[in-house]
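What follows is each chain in one-letter form.
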Amino acid sequence: MDNFKNMVNLLHMRRDYGIYPQWHFTPTAHGKGECDAVGAVLQSTARRINSTTVIRKSMDLYNVALVKLVSQTMDFIHISMPEIIANSMHIHLAARYANAKTIPGTRTYHAFIPDDEDENAIRLKKFSSSENYTTHRLMEV
């Protein structure tokens, strides 16, 4: 499975970062999400502001977002490289992947949502908007 490690990481985002992610696949060139639009607007805004200067640091781009793209519905966060390194050092990815099971028939599902009741399971939906789902225990403890 191409997204095996991504699914394992999706499952652990709640523990690692305190966020509640979902992963929804859409057909090619259809259904682009809000993050695609926000990224495009941020890049375009940064280019217009800095037409003579190249943005070389992530903090510069983050500051453009804070100053020019203030929103009541969206927050921007900056995660520095030292923070990434500090957080990744305590996460034992190899062990995490070794204890995970693949999801049979992954390509038949379009939504992957960590289960609310079992932190080692993921909910699989054939359609993102579907009420029905299958629960797959991804991690064996």
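The notes below deal with the structure included here. For every chain, the first residue of the written sequence is number 1, and numbering continues from 1 onward in sequence order. Selection of residues for local features in this predicted model requires a pLDDT of at least 70, selection of side-chain atom pairs for listing and counting requires 80 or more, and totals for whole chains, interfaces and linings are taken over all residues. Just so you know, side-chain values use all the structure's heavy atoms and leave hydrogens and water out.

### Regarding the environment of Lys 101
Only DSSP runs of H or I reaching four residues or more are called helices, and only runs of E reaching two or more are called strands; each is numbered from the N terminus. Within the secondary structure layout, Lys 101 lies in the loop between helix H5 (93–98) and strand E2 (111–114). The partly exposed category is assigned to Lys 101, whose relative accessible area is 36%. Sequence-wise, Lys 101 and Met 139 are 38 residues apart; in three dimensions their C-alpha atoms are separated by 6.3 Å. The criterion used for residue contact is that any of the two residues' heavy atoms lie within 4.5 Å. Dropping the residues within four chain positions of it, Lys 101 is found in contact with Phe 4, His 136, Arg 137, Leu 138 and Glu 140. Any residue under 20% of the maximum accessible area for its type is buried, any over 50% is exposed, and the rest in between are partly exposed; the area is computed with a 1.4 Å probe on protein chains only.

### Describing the pairing of E2
Of the two faces of E2, the one holding Ala 111 and Ile 113 and the one holding Phe 112 and Pro 114 are both buried throughout. We treat two strands as partners when DSSP finds at least two bridges between them. Pairing analysis gives 2 bridges linking strand E1 (residues 23–24) to E2, with the strands arranged antiparallel. Along E2, the bridge assignment pairs His 24 with Ala 111. Here E2 pairs with strand E3 (residues 121–125) via 4 bridges, running antiparallel. Note that in E3 the partner of Ile 113 across the bridge is Arg 123. Here E2 hands over to E3 after 6 residues, the two strands then running antiparallel side by side.

### Brief notes about helix H1 (residues 4–17)
Here the expected span of a helix is defined as 1.5 Å times the quantity of residues minus one. The end-to-end C-alpha separation of H1 is 20 Å, in line with the 20 Å expected for 14 residues at 1.5 Å each. A maximum bend of about 40 degrees is found in H1 at Leu 11. Regarding H1, the residues found buried are Phe 4, Met 7, Val 8, Leu 10, Leu 11 and His 12. The secondary structure elements touched by the buried residues of H1 are E1, H5, E2 and E3. At the C-terminal side of H1, Gly 18 shows a positive phi close to 75 degrees. Two axes define the bend at a residue: one fitted to the seven residues ending there, one fitted to the seven starting there, and the bend is the angle between them.

### Observations regarding the pattern of salt bridges
Definition used for salt bridges: Asp or Glu carboxyl oxygen within 4 Å of a side-chain nitrogen of Lys or Arg. Enumeration over the complete set of coordinates arrives at 5 salt bridges. Arg 14 is the salt-bridge partner of Asp 116, the closest N and O atoms lying 3.6 Å from each other. Of this pair, Asp 116 sits in the loop between E2 and E3 while Arg 14 is found in helix H1, placing the two residues 102 residues apart along the sequence. Under the relative-accessibility criterion, Asp 116 is labelled exposed at 57%. By relative accessible area, which is 26% here, Arg 14 ends up partly exposed. We note a salt bridge from Arg 137 to Asp 118, for which the minimum N-O separation is 2.4 Å. In this pair, Arg 137 is assigned in strand E4 (residues 134–137) and Asp 118 in the loop between E2 and E3, connecting sequence segments 19 residues apart. In this structure Arg 137 comes out as partly exposed when scored by relative accessible area, which is 32%. Its relative accessible area of 24% is what places Asp 118 among the partly exposed residues.

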